[in-house]
Amino acid sequence: MKVAAAPAASRRKLLDALVARGTQPRATKEHAAIARDVTLHLATPSPGKPFAELEPMFAAAKDDRTRGRVLTAIGTGADPAAKPFMIELVKSIAAGTTKVERGDAYGAIGAYFAVVPDPATLGLIARHFAAAKAEGHDRWELTMLLVGHADASHAADMLAALRTTSDEEAGRFVDYFARFRSPEATREIRKRIGKAFETAHFELVIGIAGMGDPDVVAWATRKLATKAGDDRWIQVFAIARSPLPAADRVAGKIISEHGPDLALLIGGYAQAHHPNVERRLAALGKGTLSAEAAEALQQTRDARRGAQP
């Protein structure tokens, strides 16, 4: 308790004192046990340790498993002092000169730069992503990092990266291009799905709606005019995600009817990126909703708050 309550700068000194007391020839069993526990703690990599303690562990690591554990602690710990180290890691991965396991490196990079911003390094990561081409789930952490944290300055690099993605990865990239719309990105997604909205990967269908594609809105509108089906939620989500006036008109109809599609529409707004969303949610919050729609509204509001940087 005394160590935990002490200022961070003095904790190591206190821990070293506990080890010294427990390793004295006449140390009590209790003090010896504390010394063993502290020694183990000091030798174990964890995100709570500062980079100054983790860097020597990384340098001293004798095998890939230990090196990976230390690297994971550095990445998830997100100590700002580790930034030069992490930038060099990205450069070595891009150059193909790193001795770290690729999966460990990607995980650490994804965790670190999601917390410690560095636009220039994100650009390098996007270019490496494109150059490395498809590597399956090994690069999933990079996918989530880029989609969540790249900005408008990365548009060209993100477009190049999109062109190397699997459909599963592209289903995440569409969220970036809903925020930073690109005719080239829309053409890339349309090339993959054509007009086969009913059979295409659902995330691409919903995603291209968010990117402003009018054909998917027309398709969803036609389908919603028919009887309900198992894929109706995809059509409602496409309407919710679309920034187009035509989609907002359909959304208004769904809201006025207060039917089973309303909870779906509200859920679809959770990851939408257009001005109609907040207006619609505010109006819904002032009205009377079914229990299902009210729950969806709370979940959507929570999700949108959680997505704020």
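Since we're looking at a predicted model, the values are computed, not measured.

(A) Broad picture of the packing of aromatic side chains. All chains considered together, the criterion is met by nine aromatic pairs. Aromatic pair Tyr-176 and Phe-180: ring centres 5.0 Å apart, planes at 40°, arrangement tilted. Residue Phe-180 is classed as partly exposed on the basis of its relative accessible area, which comes to 26%. Ring centres of Phe-202 and Trp-233 lie 5.3 Å apart, and the angle between their planes is 65°; on these two criteria the pair is classed as edge-to-face. Of this pair, Phe-202 sits in helix α13 (residues 202-210) while Trp-233 sits in helix α15 (residues 232-241), and the two are 31 residues apart along the sequence. Owing to a relative accessible area of 35%, Phe-202 belongs among the partly exposed residues under this scheme. On the accessibility criterion, Trp-233 (30% relative accessible area) is partly exposed. Through successive ring pairs, a cluster of aromatic residues spans Phe-51, Phe-58 and Phe-85. One residue, Arg-139, lies across the ring of Phe-129, its end atom 3.5 Å from the ring centre.

(B) Seen up close, empty space enclosed by the protein. A full pass over the atoms with the stated rule returns one cavity of 30 Å³ or more. In this structure, the largest cavity encloses a volume near 40 Å³. Along its surface, the largest cavity is lined by Val-90, Ile-93, Tyr-106, Ile-109, Ile-125, His-128 and Leu-142. At the level of secondary structure, the elements contributing two or more residues to the lining of the largest cavity comprise α6 (83-95), α7 (102-113) and α8 (119-132). Here the lining of the largest cavity is built from residues that sort into six nonpolar, one polar and no charged.

(C) Highlighting the side chain of Thr-186. Within the secondary structure, Thr-186 is located in helix α12 (residues 183-193). Apart from residues lying up to four places away in sequence, Thr-186 is in contact with Ile-208, Met-211 and Asp-213.

(D) Region of the structure containing helix α16 (residues 245-257). The first and last C-alpha atoms of α16 sit 19 Å apart over 13 residues, in line with the 18 Å expected at 1.5 Å per residue. Turning to α16, its buried residues number three or more, namely Ala-247, Asp-248, Val-250, Ala-251, Gly-252, Ile-254 and Ile-255. Buried residues belonging to α16 abut α14 (214-224), α15, α17 (261-268) and α18 (276-286). At the exit of α16 stands His-258, carrying a positive phi of roughly 50°.

(E) Broad picture of unusual backbone geometry. Of note in the backbone geometry, Ala-78 takes a positive phi value of approximately 55° without being a glycine. Its place among the elements puts Ala-78 in the loop between α5 (64-77) and α6. Judged by relative accessible area, Ala-78 falls into the buried class, the value being 13%. Phi at His-258 takes a positive value of approximately 50°, unusual for a residue other than glycine. Here His-258 lies in the loop between α16 and α17. Residue classification places His-258 among the partly exposed positions, given a relative accessible area of 44%.

(F) Quick peek at the pattern of salt bridges. Using the criterion set out here, one finds 20 salt bridges in the structure. Salt-bridge contacts for Asp-64 lead to Arg-67; the nearest nitrogen and oxygen are separated by 3.0 Å. Of this pair, Asp-64 and Arg-67 are both found in helix α5, three residues apart, which corresponds to roughly one turn of the helix. For Asp-64, a relative accessible area of 36% gives the class partly exposed. Ionic pairing is found between Arg-232 and Asp-261, a salt bridge with its closest N-O pair at 2.9 Å. Taken as a pair, Arg-232 in helix α15 and Asp-261 in helix α17 lie far apart in primary sequence, 29 residues in all. Linked by salt bridges that have partners in common, Asp-167, Glu-188, Lys-191 and Arg-192 make up one network.

Rules behind the numbers
Throughout this document, residue positions are counted from 1 along each chain, in the order its sequence is written. Where totals are concerned, whole chains, interfaces and linings use all residues; where local detail is concerned, this predicted model gives features only for residues with pLDDT of at least 70, and gives and counts side-chain atom pairs only at 80 or more. By convention in this description, side-chain values take in all heavy atoms of the structure and omit both hydrogens and water. Put simply, two rings from Phe, Tyr or Trp (the six-membered ring, in Trp's case) pair if the centres are within 6.5 Å, and we call them stacked under 30 degrees between planes, edge-to-face over 60, tilted for the rest. In this scheme, a residue with accessible area under 20% of its type's maximum is buried, one over 50% is exposed, and one in between is partly exposed, where area comes from a 1.4 Å probe on protein chains only. Helix and strand assignments come from DSSP, with helices taken as H or I runs of at least 4 residues and strands as E runs of at least 2, each series counted from the N terminus. A ring is scored as having a charge over it whenever the NZ atom of a lysine or the CZ atom of an arginine sits within 6 Å of its centre and within 35 degrees of its normal. Every definition here rests on a 1 Å grid over the protein atoms only: cavities are sets of points where a 1.4 Å probe fits but cannot get out, pockets are open sets enclosed by protein on both sides within 12 Å along at least five of seven lines, and lining residues have some atom within 4 Å of a point. Grid points are joined across faces, edges and corners, and a volume is the space filled by probe spheres set on the points. When residues are grouped by polarity, Ala, Val, Leu, Ile, Met, Phe, Trp, Tyr, Cys and Pro land in nonpolar, Asp, Glu, Lys and Arg in charged, and all others, Gly among them, in polar. Contacts were defined at the residue level, with two residues in contact if any of their heavy atoms lie within 4.5 Å. A helix is expected to span 1.5 Å multiplied by its residue count minus one. Note on definitions: salt bridges are taken to be side-chain nitrogens of Lys or Arg within 4 Å of carboxyl oxygens of Asp or Glu.

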